[in-house]
Amino acid sequence: TMAKPTSRNDRFALFFITLIFLILTVSKPVASQNCGCASDFCCSKYGYCGTTDEFCGEGCQAGPCRSSGGGGDPAVSLEGTVTPDFFNSILNQRGDCPGKGFYTHDTFMAAANSYPSFGASISKREIAAFFAHVAQETGFMCYIEEIDGPAKAASGEYCDTEKPEFPCAQGKGYYGRGAIQLSWNYNYGLCGKALDENLLASPEKVAQDQVLAFKTAFWFWTTNVRTSFKSGFGATIRAVNSREC
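Rules behind the numbers
- Residues numbered from 1 in each chain as written.
- Predicted model: local features only at pLDDT ≥ 70, side-chain atom pairs only at ≥ 80, totals over all residues.
- Heavy atoms only, no water.
- Helix = DSSP H or I, 4+ residues; strand = E, 2+ residues; numbered from the N terminus.
- Contact = heavy atoms within 4.5 Å.
- Polar contact = N/O pair within 3.5 Å; in protein donor to acceptor, adjacent residues only side chain to side chain.
- Disulfide = S-S within 2.5 Å.
- Buried < 20%, exposed > 50% of the residue type's maximum accessible area, 1.4 Å probe, protein only.
- Phe/Tyr/Trp six-rings, centres within 6.5 Å; stacked < 30°, edge-to-face > 60°.
- Core = buried A, V, L, I, M, F, W, Y, C linked by side-chain atoms within 4.5 Å.

Draft legend 1. Quick look at the environment of lysine 172. Looking at the secondary structure, you find lysine 172 in the loop between helix H7 (149–154) and helix H8 (185–195). Along the primary structure lysine 172 and proline 150 are separated by 22 residues, whereas in three dimensions their C-alpha atoms are 9.2 Å apart. With near-sequence residues (within four places) excluded, lysine 172 lies in contact with Leu200, Ala201, Pro203 and Glu204. One polar contact links lysine 172 to glutamate 204, side chain to side chain, over a distance of 3.2 Å.

Dropping the structure here:
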């Protein structure tokens, strides 16, 4: 039997491992994956075993890859990996909640197609990490916005007045919204500028527009999290929410 996780990070890591398994079982391969190499052989980018630079160099998927290789974490097709079955395997872990019908595979792909830098050179491991964070932030895509966000905003939270270049609009709250719960006025300002949306004036749009809810998550991930991804969950958790590690 599996021991019950003893902390939030234990649960988070366990879900990440589960996502890796799901990706491997339901995703569609996008290139030849014929490797079952001996431990001292490399699996080439085309799926064959060998020991020369042709196999162990650029694009090497597994084995004693050279420094220029992929280190066993090759890029995959986002569309071929995040299949409806994989996406729905996350949705199916929630109950009847506000996000039901809001987060969908179709809107995820529409957002990805309009924000191509998110899926560029992405690996299965990074896809799993992204969705592990999304699941943790939204309760398996159950919540569109932070539950007690309005109360926090009313008390002045999430408005950093030391950043005058991102002025908080009267009556607007910059609490968590969307797939990675975009928060704080400066993040709404920077993200809105990148997406050509005036999110400082209308932060509520992130909780109203299904595609925008994912695009803001893609922006935050590529801008603030991707550089920390290979350092592990401690680094990515800190990147998503600096008060946790």
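Draft legend 2. Broad picture of the state of the cysteines. Under the counting rule described, the total for this entry stands at 3 disulfides. The side chain of cysteine 42 participates in a disulfide bridge whose partner is cysteine 56; the two sulfur atoms lie 2.0 Å from each other. Handedness of the cysteine 42-cysteine 56 disulfide follows from its S-S torsion of about 100°: it is right-handed. With cysteine 42 in strand S1 (residues 42–43) and cysteine 56 in helix H2 (residues 53–56), the pair connects residues that are 14 residues apart, well separated along the chain. Classification of cysteine 56 by relative accessible area gives buried; the value is 1%. The disulfide bridge from cysteine 97 ends at cysteine 142, spanning 2.3 Å between sulfur atoms. Highlighted residues: cysteine 97 in the loop between helix H4 (84–91) and helix H5 (105–114) and cysteine 142 in the loop between helix H6 (124–138) and H7, separated in sequence by 45 residues. On the basis of relative accessible area, cysteine 142 is assigned to the buried category, the value being 8%.

Draft legend 3. Spotlight on the side chain of glutamine 181. Along the chain, the position of glutamine 181 falls in the loop between H7 and H8. A distance of 3.1 Å separates a polar side-chain atom of glutamine 181 from the backbone nitrogen of glutamate 146. Here glutamine 181 is in contact with Glu137, Thr138, Tyr143, Ile144, Glu145, Glu146 and Gly176, once residues within four sequence places are set aside.

Draft legend 4. Broad picture of the packing of aromatic side chains. In total, this model carries 20 aromatic pairs according to the counting rule given. When the ring of phenylalanine 108 is compared with that of phenylalanine 214, the centres are 5.4 Å apart and the planes differ by 85°; the resulting orientation is edge-to-face. In this pair, phenylalanine 108 is assigned in helix H5 and phenylalanine 214 in helix H9 (residues 210–225), connecting sequence segments 106 residues apart. Exposure class is identical for phenylalanine 108 and phenylalanine 214. Each is buried.

Draft legend 5. View of the nonpolar core. With 50 residues, the main nonpolar core has Phe108, Phe118, Phe130, Phe131, Met141, Phe214 and Phe218 as its most contacted residues. Elements that contribute at least two residues to this core include exactly H4, H5, H6, H8, H9 and helix H10 (233–240). The element that contributes the greatest number of residues to this core is H9, accounting for 9 residues. The contact partners of methionine 141, leaving out residues within four places of it in the chain, are Phe87, Ile90, Leu91, Arg94, Gly99, Tyr103, Phe131, Val134 and Phe214.

By themselves, these are just geometric observations and shouldn't be taken as functional.
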